[in-house]
Amino acid sequence: MKFDLKELNETLTGKLIGRDIHYYDETESTNDVAFSLGIAGAPEGTVVLADSQRGGKGRFQRSWHSPPASNIYTSIILRPGIRLSNASQIPILAGVAAAEVLDKYCPGKISLKWPNDVLLNEKKVSGILSLAKFTANHLDFIILGIGINVNMNQGRFSEEIRKTATSLSIETGREISRQDVLISLYENLEKWYKKLLQYGFDRVKERWIKLSSMTGDTVEVNFLGETVRGIVEGIDDSGSLILMVDGNKKVHVSAGDATILK
Ligand code: BTN
């Protein structure tokens, strides 16, 4: 099913996220389009949505397989008046918002893996790639690029990720309305974004810790060829993972790829 843009525009009228929708049947990457819009001064809440991407981007220069008529590929422009050092709170918040929405379709089977992968039955169902634009110490805007595997068949994933990726339709055994998931995503993101601006990061952090089952797990985090191994204690106010290393050293890891060893 195609996105119904008329309904989407009507439903999101008066809301912050989705106030302007830039839709493409196909584009290189919604993140690139959103970044250009951000530079051109697009207001926060502007979203870019595509049915397919030719060059969908994942974290660490990986690609994000983005075939048509199946999934959600969207990028959202936000201009939070927060300190640059707190910019990572925004993708953490997006993970929380996405996880809550997906949990409605597969109750109890969704979890968050730091920093913001959403897992369904321990396989990746959604990923977030954020880009920040800043001048000196000021955060101009942040792009939240969110991909959700909605109606993807197992066979359409590349060989490389077939065992570690999944979609809502694979796990529920039925076709899911991308439109419904998308509207809930924008609405829930807006709810959490407003909470963050009003009350700060504590509520987001608390919710993230509940939704991620990582606390107490032994994990290995790789970043630029370096590996840290430790037991997860939580996340700090800038969204960094807190690890207890060697039983007595607290290490805050701000970026990387985490593997749960249990
Ligand atoms: C990850 O590696 O987990 C992040 C994947 C992010 C994919 C989304 S799809 C919409 C947006 N546009 C892109 O090119 N990437 C993000």
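About the cut-offs
Residues numbered from 1 in each chain as written. Predicted model: local features only at pLDDT ≥ 70, side-chain atom pairs only at ≥ 80, totals over all residues. Heavy atoms only, no water. Patch = residues over 30% accessible without salt bridge, like charges linked within 9 Å, V, L, I, M, F, W, Y side chains within 5 Å. Areas by Shrake-Rupley, 256 points an atom, 1.4 Å probe, with all protein chains shown as cover. Salt bridge = Lys/Arg side-chain N within 4 Å of Asp/Glu carboxyl O. Helix = DSSP H or I, 4+ residues; strand = E, 2+ residues; numbered from the N terminus. Buried < 20%, exposed > 50% of the residue type's maximum accessible area, 1.4 Å probe, protein only. Near = heavy atom within 4 Å. Polar contact = N/O pair within 3.5 Å; in protein donor to acceptor, adjacent residues only side chain to side chain. Nonpolar A, V, L, I, M, F, W, Y, C, P; charged D, E, K, R; others polar. Pairing = 2+ DSSP bridges. Axes fitted to C-alpha atoms, helices over the stretch in contact; angles between N-to-C directions. Contact = heavy atoms within 4.5 Å.

1. Section: a nonpolar patch on the surface
Now for step 1: Residues Phe-60, Phe-223 and Leu-224 make up a contiguous nonpolar surface patch of about 320 Å² in total accessible area.
Now for step 2: By the element assignment, Leu-224 lies in the loop between β8 (218–223) and β9 (226–235).
Now for step 3: Taking the relative accessible area as the measure of exposure, Leu-224 reaches 74% and is therefore exposed.

2. Here we look at the site of the ligand
Now for step 1: Taken together, 20 residues are adjacent to the ligand, and Ser-29, Gln-53, Lys-57, Arg-59 and Lys-124 come closest.
Now for step 2: In the environment of the ligand, a nitrogen atom lies 3.0 Å from a nitrogen or oxygen atom belonging to the side chain of Gln-53.
Now for step 3: Within the side chain of Lys-124, an N or O atom sits 2.5 Å from an oxygen atom of the ligand.
Now for step 4: Sorting the residues of the shell around the ligand by element identifies α2 (30–39), β3 (72–78), β6 (123–135) and β7 (138–148) as the ones contributing at least two each.
Now for step 5: Looking at the shell around the ligand element by element, the count peaks at four residues for β6.
Now for step 6: Of the residues contributing to the shell around the ligand, the split by class is five nonpolar, 11 polar and four charged.

3. Considering the sheet that holds strand β1 (residues 21–27)
Backbone hydrogen bonds are what pair the strands of a sheet, in a parallel or an antiparallel way.
Now for step 1: Strand order across the open sheet formed by seven strands is β1-β2-β3-β7-β6-β5-β4, with mixed pairing between neighbours. With one partner strand each, in any of the chains shown, β1 and β4 (110–113) form the two edges of the open sheet. Taken over all neighbouring pairs, the strand axes of this sheet differ in orientation by 20° on average, direction set aside.
Now for step 2: Relative to β6, strand β5 (residues 117–120) runs antiparallel, the two being bridged by three bridges. Bridge pairing links Leu-119 to Lys-124 in β6.
Now for step 3: Packed onto the sheet, helix α3 (residues 89–105) meets β3, β4, β5, β6 and β7 and runs at close to 30° relative to β7.

4. Notes on the pattern of salt bridges
Now for step 1: Taken as a whole, this structure holds 20 salt bridges when the rule is applied.
Now for step 2: A single network of salt bridges, built from pairs that share partners, joins Glu-26, Glu-28 and Arg-54.

5. Looking at the environment of Phe-134
Now for step 1: With respect to the secondary-structure elements, Phe-134 resides in strand β6.
Now for step 2: Separated by 50 residues in the primary sequence, Phe-134 and Leu-84 have C-alpha atoms spaced 7.7 Å apart.
Now for step 3: Ignoring sequence-local partners within four residues, the contact set of Phe-134 consists of Leu-84, Leu-139 and Asp-140.

6. Observations regarding the pairing of β8
Now for step 1: Taken together, the six bridges between β8 and β9 define a ladder with antiparallel strand orientation. From the neighbouring strand, Glu-220 faces β9, where its bridge partner is Arg-229.
Now for step 2: Taking the residues that link successive antiparallel strands as the turn, the β8-β9 hairpin has two residues, and the phi of Leu-224 there is positive, at about 45°.
Now for step 3: Pairing of β8 with strand β12 (residues 257–260) involves four bridges; the strand directions are antiparallel. From the neighbouring strand, Asn-222 faces β12, where its bridge partner is Asp-257.

7. Points about the sheet that holds strand β11 (residues 249–253)
Now for step 1: Spatially, the five strands line up as an open sheet ordered β11-β10-β9-β8-β12, and their pairing is antiparallel. Lying at the two open borders of the sheet, with one neighbouring strand each, are β11 and β12. Neighbour-to-neighbour, the strand axes of the sheet open up by a mean angle of 45°, direction not taken into account.
Now for step 2: Relative to β11, strand β10 (residues 241–245) is paired through five bridges, and the arrangement is antiparallel. Bridging from a neighbouring strand, Leu-241 pairs with Val-253 of β11.

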